[in-house]
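Spelled out from the first residue to the last, the chains are:
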Amino acid sequence: MPRRQGYALLIALLAGTAVLAAAAVLGTALFAGHRPAPLPSADAHAAARTPAAPAHTNGGWVATWTTAPVGGEPNTERGFPGSTIRNTVHTSVGGDAARITLSNLFGTSPLLVDRATVNTRPVTFGGASAVTVPAGGQVVSDPVAVPVAPRSDLEVAFRTPRPGGPVTHHPNSHQTSYLADGRATWSTTKWRYLTAVDVRNEAVAGTVVAIGDSLTAGSGSTTDANTRWTDVLAERLGGGYGVANAGIAGNRLLTPGSAGQPGTVRFERDVLGVAGVRTVIVALGINDVQGAPQETDAGRIVAGLRSLAEQARARDLRVVGATLTPFEGFRSWTPERNAVRLAVNEQIRSGTVFDAYVDFDAAVRDPAAPNRILPAYDSGDHLHFNDAGYRALGERVDLASLERSRTAKPVSDAL
């Protein structure tokens, strides 16, 4: 080959190589532009679940579902050795990855989980498929790449091969879950061990956490219909915020009652510790008024509510309070107890307790008998609501109030 032709061929080869390299870089950049960011390590997202972390620095992680641990399940001192627990939860927002929180808060021995899944996708903990949750403790899983749809049912399953109890649970979930031991599968309306599902979604502004009693947990609503007022709120928010439900049936604000630690005790864990928390809705106090032993001093209830608001504001969170709803006709109603309820509501409406309030009382009371629930909203016991009543509560919340500057204005003006 002549020397001149050899030089020409060499130059052509070098130019072709450069073009291919440039194309490869450009193609990689274009492709990567549509690829989700790598899943962070467990340490990388620690701030998202640390109560002290500012709400606006959630690292893309928000709670799509939570429940509050209530206590140790009766007759489960050995736990469910050799069983698979399948918890069904209803999401509020979606994401491209998920992580779960398992709680052994009320257990007196370590809890071993040797296999866990989210919608059949394997879950790991620190890179391992098995994890031991210490008595009184909890663990957060590694992120798992699983698509999570908004406002849909999600199954979180895990196996407990060894004895370990009592089982930390949340009864009266109004959701059908399952327990399988190899011989049979039983349905249940208890959530066991699972207390949170977080998703990665950087488009979501944060999480609204509602702390309350049976009226927030959804007592009286249709099982599996997802008609709690928090479900209605999630529907109305349209994926802009996660909604976390920290309601416990029978829960009280000030003192221990028939179910769960009081709100003043569990607020740090069940509200401030939620991933991406940005706004808090407080709907507690009616059980202090009507449940034994009754709190006869409205000032003490208001002081308890104010203490929750102050804790939330210290974390730069927005706080909305709910007025206490009617219960005339319920077995514990008396004029004196109703007077305490009205006095608490007067203080909430005065604007001295919360940043804003939602008037649940006005949303469900009977105009002809304002100390009673409107019959169309009554589940039948004159305290709890049916699906229509919970929709009325969920629709009462003014969505703009979740972001407005801190002024004590009612959040029910729109309705």
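This text goes with the structure placed above it.
Residues numbered from 1 in each chain as written. Predicted model: local features only at pLDDT ≥ 70, side-chain atom pairs only at ≥ 80, totals over all residues. Heavy atoms only, no water.

(A) Geometry of the pairing of strand β12 (residues 177-180). The sheet contact formed by strand β3 (residues 83-90) and β12 spans three bridges and is antiparallel. Bridge pairing in β12 links Arg86 to Tyr178. Pairing analysis gives four bridges linking β12 to strand β13 (residues 185-188), with the strands arranged antiparallel. Along β13, the bridge assignment pairs Tyr178 with Ser187. What sits between the antiparallel neighbours β12 and β13 is a turn of four residues, in which Gly182 has the positive phi angle 95°. (Pairing = 2+ DSSP bridges. Helix = DSSP H or I, 4+ residues; strand = E, 2+ residues; numbered from the N terminus.)

(B) Structural detail: the pattern of salt bridges. Across all of its chains, the model carries 20 salt bridges by this definition. A network of salt bridges, in which partner residues are shared, links Arg341, Arg349, Asp359, Asp361 and Arg365. (Salt bridge = Lys/Arg side-chain N within 4 Å of Asp/Glu carboxyl O.)

(C) Examining the side chain of Asp359 more closely. By the element assignment, Asp359 lies in the loop between β20 (356-358) and α8 (360-364). Within the structure, Asp359 has its side chain in polar contact with the side chain of Thr323 (distance 2.9 Å). A distance of 3.0 Å separates a polar atom in the side chain of Asp359 from a polar atom in the side chain of Arg349. (Polar contact = N/O pair within 3.5 Å; in protein donor to acceptor, adjacent residues only side chain to side chain.)

(D) Representation of the packing of aromatic side chains within the structure. Under the definition given, this model contains four aromatic pairs. Both rings, one in Trp65 and one in Trp191, keep their centres 5.1 Å apart while their planes meet at 80°; by these two values the pair is edge-to-face. Separated by 126 residues along the polypeptide, Trp65 in strand β1 (residues 61-66) and Trp191 in strand β14 (residues 191-192) bring together distant segments of the chain. A single burial state applies to Trp65 and to Trp191, both of which are buried. (Phe/Tyr/Trp six-rings, centres within 6.5 Å; stacked < 30°, edge-to-face > 60°. Buried < 20%, exposed > 50% of the residue type's maximum accessible area, 1.4 Å probe, protein only.)

(E) Structural context of the sheet that holds strand β15 (residues 194-200). As summarised here, the arrangement of the four strands in space is β1-β15-β4-β9, forming an open sheet in which the pairing is antiparallel. The outermost strands of the open sheet, each flanked by one partner alone, are β1 and β9 (138-140). Taken over all neighbouring pairs, the strand axes of this sheet differ in orientation by 20° on average, direction set aside. In this sheet, β9 lies alongside strand β4 (residues 98-103) in antiparallel orientation, the contact comprising three bridges. Paired with Leu102 across the strands is Val139, a residue of β9. (Axes fitted to C-alpha atoms, helices over the stretch in contact; angles between N-to-C directions.)

(F) Molecular detail of the sheet that holds β14. Spatial strand order, β2-β11-β14: three strands in an open sheet with antiparallel pairing. Strands at the two margins of the open sheet, each flanked by one partner only, are β2 (71-72) and β14. Note that β2 and strand β11 (residues 168-170) share two bridges and pair antiparallel. For Gly72, the partnering residue across the bridge sits in β11 and is Thr168.

(G) View of the environment of Gly250. Relative to the elements of secondary structure, Gly250 occurs in the loop between β17 (242-247) and α4 (263-272). The spatial distance from the C-alpha of Gly250 to the C-alpha of Asn287 is 6.7 Å, given a sequence separation of 37 residues. Setting aside residues no more than four positions away along its own chain, Gly250 makes contact with Ser214, Ser258, Ala259 and Asn287. (Contact = heavy atoms within 4.5 Å.)

(H) Here's a closer look at the packing of helix α6 (residues 298-314) against helix α7 (residues 335-350). Where α6 meets α7, the closest approach of the two axes is 9 Å, and the angle between their N-to-C directions is 40°. Taken together, the axes of α6 and α7 are oblique relative to one another. In the packing of α6 onto α7, the handedness of the crossing is right-handed. Along the contact surface, α6 presents Ala298, Ile301, Val302 and Leu305, while α7 presents Val340, Ala343, Val344, Gln347 and Ile348. Residue classes in the contact of α6 with α7 are distributed as eight nonpolar, one polar and no charged. (Parallel < 35°, antiparallel > 145°, perpendicular 65-115°, else oblique. Left-handed = near helix turned anticlockwise from the far one by under 90°. Nonpolar A, V, L, I, M, F, W, Y, C, P; charged D, E, K, R; others polar.)

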